[in-house]
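Geometric and topological summary
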Amino acid sequence: MTEGTAVRVWRNARLATLAEGLPGLGIVENGAIAVENGRIAHAGPEADLPAIFAGAESVDCGGRWVTPGLIDCHTHLVHAGDRAHEFELRLAGASYEEIARAGGGIVSSVKALRAAGEDDLVRETLPRLDALMAEGVTTMEVKSGYGLDTANELKSLRAARRLARERDVTVRTTFLGAHALPPEMDGDKDAYIDRVADEMLPAVAAENLADAVDGFCEGITFSPAQMRKVFDAAKRYGLPVKLHADQLSNLHGAALAASYGALSADHLEYTDEAGAQAMAAAGTVAVILPGAFYFIRETRKPPIDLFRRHGVRMAVATDCNPGTSPLTSLLLTMNMAATLFGMTVEECLAGTTREAARALGLAGEIGTLEAGKRADFVLWDIGRPAELIYRMGFNPMHARIRGGKQA
């Protein structure tokens, strides 16, 4: 420790470290976290705090619980307008597919985003971001996918990158050009995929606007063969891939994603055993999205037991988007994952910290309270970690720390 470095110690804490070397939530009673220059130098029993930190500035946590900063690893946060009218249609009995085929769904959000300027998108997105941050989110992923042409996809990704300059949060951006077919393509999916792979993706890569590439593999969107073309292009630019897979039917999207070593496959309601095995072998994270399941009133649940049996890592995310999951509460999302899908407290907390970091390719940087990782963590006014999943409509956050500073 050199003279003048930024050092602080959070004492008198109960830590849920989520460290994999410890059982369960990695609980440390009577714990302390020492931070030096924005990095965790010690996270463990206060009695084991190295003597070098004896004179450091300290914060008394008052016996509060401390977890890693929450991570929302699947959002479509940058969008314009809303789709409340489609919500009314669904209440009247229309299905997701019927709304999409009638010109609603993603395409209606495309029209709104194309009409909005970049400043408008940032201004409209910030309240959604603020809601997530107010519940302890320190890192999040933001996808494009509502532009569906080069100029508007770039605009969306630039707006997403600006969020991290407007707020104290880490933002990972994902290019989702293969999200839906824009109306000007007159039904020609192959021609559009050529445009995604040969025009849009090179432009995104040239501006270094994306940390990953995603797509929507489904009967109403794009086939596995079409997604392979996009993924092959992503590979040429050195970008990792993710996939909206097996949400409405089983096109073996999970196995497709795993064959490319995808960071994650998301939704997964129809994933079969072969898909789960492939994901486990590839280390592809299953991102569970209960908000969309709830909002569009699905009945087919993701195969949680299958993922457990094969050792597939599971993350949990809001899928915040205007059409199928207008959800800006990661705490409520955890409750949904537990209540609707039977996920445990440990799975929900790991799913919004350690495994969410893995789904973003950031497992070595964030997601657990361990020495060497960035000092992103949250202090909670709770009696036990289960309260973070058990309560609904209640925010017990006491303080949000990012990079060792209260944010």
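The numbers attached to residues start from 1 for each chain and follow its sequence in the written order. Side-chain atom pairs in this predicted model are given and counted only at pLDDT of 80 or more, local residue features only at pLDDT of at least 70, and totals for whole chains, interfaces and linings cover all residues. Side-chain measures here rest on the full set of heavy atoms in the structure, leaving out hydrogens and waters.

1. Some words on the overall build of the chain
Secondary structure elements are defined from DSSP: runs of H or I of at least 4 residues count as helices, runs of E of at least 2 residues count as strands, and each element is numbered from the N terminus. Regarding its fold elements, the chain presents 15 helices and 16 strands. Values of the radius of gyration come from C-alpha atoms, whereas the globule rule sets the reference at 2.2 Å times the count of residues to the power 0.38. Its C-alpha radius of gyration of 21 Å places the chain within 12% of the 22 Å reference for a compact globule of 407 residues. Burial here depends on accessible area, computed with a 1.4 Å probe over protein chains only, as a share of the maximum for the residue type. Under 20% is buried, over 50% is exposed, and the range in between is partly exposed. Burial status across the chain gives 57% buried among its 407 residues. Residues are treated as being in contact if the distance between any of their heavy atoms lies within 4.5 Å. Contacts in the chain between residues at least 24 apart in sequence constitute 71% of all its contacts with a sequence separation of at least 6.

2. Quick look at the UniProt feature "binding site: 4-imidazolone-5-propanoate" (unreviewed entry) in the chain
UniProt positions are given in the numbering used here, feature names are shortened, and annotations may be inferred rather than shown by experiment. In this structure's numbering, the residues bearing the UniProt feature "binding site: 4-imidazolone-5-propanoate" (unreviewed entry) are Arg 83, Tyr 146, His 179, Gln 247 and Thr 324. Of note, Arg 83 is situated in the loop between β6 (70-72) and α1 (84-91). Beyond its immediate chain neighbours, meaning those up to four positions away, Arg 83 contacts Gly 105, Ile 106, Ser 108, Ser 109, Tyr 146, Pro 322 and Gly 323. A 3.5 Å cut-off defines polar contacts: any pair of N or O atoms within that distance qualifies, except that in protein one atom must be a possible hydrogen donor and the other a possible acceptor, and neighbouring residues in sequence count only when both atoms are side-chain atoms. A polar side-chain atom of Arg 83 sits 3.0 Å from a polar atom in the side chain of Glu 86. Within the fold, His 179 resides in the loop between β8 (170-178) and α6 (189-206). Non-local contacts of His 179, meaning those with residues more than four positions away in its chain, are made with His 76, Ile 106, Gly 145, Tyr 146, Leu 148, Phe 216, Thr 221 and Phe 222.

3. Thoughts on the sheet that holds strand β13 (residues 314-316)
Pairing between strands requires that DSSP locate at least two bridges from one strand to the other. The strand order across the open sheet formed by eight strands is β6-β7-β8-β9-β10-β11-β12-β13, and the pairing between neighbours is parallel. On the outer flanks of this sheet lie β6 and β13, each paired with one strand and no other. With direction set aside, neighbouring strand axes in the sheet form an average angle of 25 degrees. Axis lines are fitted to C-alpha atoms, over the contacting stretch for helices. Their N-to-C directions set the angle, which ranges from 0 to 180 degrees.

4. Quick look at the packing of aromatic side chains
Aromatic contacts are taken between Phe, Tyr and Trp rings whose centres are within 6.5 Å, Trp giving its six-membered ring; a plane angle under 30 degrees counts as stacked, one over 60 as edge-to-face, and the others as tilted. Under the criterion given, the structure shown has five aromatic pairs. Look at Phe 87 and Phe 295: their rings are 5.2 Å apart centre to centre, the planes differ by 20 degrees, and that puts the pair in the stacked class. Residue Phe 87 is located in helix α1, and its partner Phe 295 is located in helix α10 (residues 290-295); the two are separated by 208 residues in the primary sequence. Aromatic pair Phe 293 and Phe 341: ring centres 4.9 Å apart, planes at 75 degrees, arrangement edge-to-face. Linking Phe 293 in helix α10 with Phe 341 in helix α12 (residues 330-341), this pair joins segments that are 48 residues apart in sequence. Charge-over-ring contacts are defined here by two conditions on Lys NZ or Arg CZ: a distance within 6 Å of the ring centre and an angle within 35 degrees of the ring normal. Directly above the aromatic system of Phe 394 lies the positively charged group of Arg 391, at a separation of 4.7 Å from the ring centroid.

5. Overview of the packing of helix α4 (residues 118-133) against helix α5 (residues 150-166)
Packing of α4 against α5 brings their axes to within 9 Å, and their N-to-C directions diverge by 50 degrees. In terms of their interaxial angle, α4 and α5 are classed as oblique. With respect to the hand of their crossing, α4 and α5 are arranged in right-handed fashion. Together, Glu 118, Asp 119, Leu 121, Val 122, Thr 125, Leu 126 and Leu 129 of α4 and Lys 155, Ser 156, Arg 158, Ala 159, Arg 162, Leu 163 and Glu 166 of α5 make up the contact between the two elements. Gly is placed with the polar residues, together with every amino acid not listed as nonpolar (Ala, Val, Leu, Ile, Met, Phe, Trp, Tyr, Cys and Pro) or charged (Asp, Glu, Lys and Arg). Its residues assigned to classes, the contact of α4 with α5 shows six nonpolar, two polar and six charged. The cut-offs work like this: below 35 degrees is roughly parallel, past 145 is roughly antiparallel, 65 to 115 is roughly perpendicular, and the gaps in between are oblique. In a left-handed crossing the near helix is turned counterclockwise from the far helix by less than a right angle, and in a right-handed crossing that turn is clockwise.

6. Considerations on unusual backbone geometry
Unusually for a residue other than glycine, Asn 30 sits at a positive phi of about 50 degrees. Within the secondary structure, Asn 30 sits in strand β2 (residues 27-36). The exposure class of Asn 30 is exposed, given its relative accessible area of 60%. A positive phi is found at His 252, a non-glycine position, where the angle reads about 60 degrees. Positionally, His 252 belongs in the loop between β10 (242-245) and α8 (253-259).

7. What to know about the UniProt feature "binding site: Fe(3+)" (unreviewed entry) in the chain
In the numbering adopted here, UniProt assigns the feature "binding site: Fe(3+)" (unreviewed entry) to His 74, His 76, His 244 and Asp 319. Their sequence span is 246 residues, while the largest C-alpha to C-alpha distance among them is just 12.2 Å; these annotated residues converge on one region. Its location among the elements puts His 76 in the loop between β6 and α1. Among residues more than four places away in sequence, those in contact with His 76 are Lys 143, Ser 144, Tyr 146, Leu 176, His 179, His 244, Asp 319, Cys 320 and Asn 321. Within polar-contact distance, the side chain of His 76 engages the side chain of His 74 at 3.2 Å. Take His 244: it is sitting in strand β10. On the basis of relative accessible area, His 244 is assigned to the buried category, the value being 3%.

8. A short note on the environment of Leu 306
Looking at the secondary structure, you find Leu 306 in helix α11 (residues 304-310). Assessed through its relative accessible area of 11%, Leu 306 is described here as buried. Note: C-alpha distance between Leu 306 and Asp 272 (34 residues apart in sequence) is 8.3 Å. The residues touching Leu 306, leaving out its near neighbours within four places in the chain, are Thr 271, Asp 272, Glu 273 and Ala 276.

9. Side note on the environment of Arg 14
Inspection of the secondary structure assignment puts Arg 14 in strand β1 (residues 7-16). For Arg 14 and Ser 249, which are 235 residues apart along the polypeptide, the C-alpha to C-alpha distance reads 43 Å. Other than its neighbours up to four places away in sequence, Arg 14 contacts Val 28, Glu 29, Gly 63, Arg 64, Trp 65, Val 66 and Gly 383. Within polar-contact distance, the side chain of Arg 14 engages the side chain of Glu 29 at 3.0 Å.

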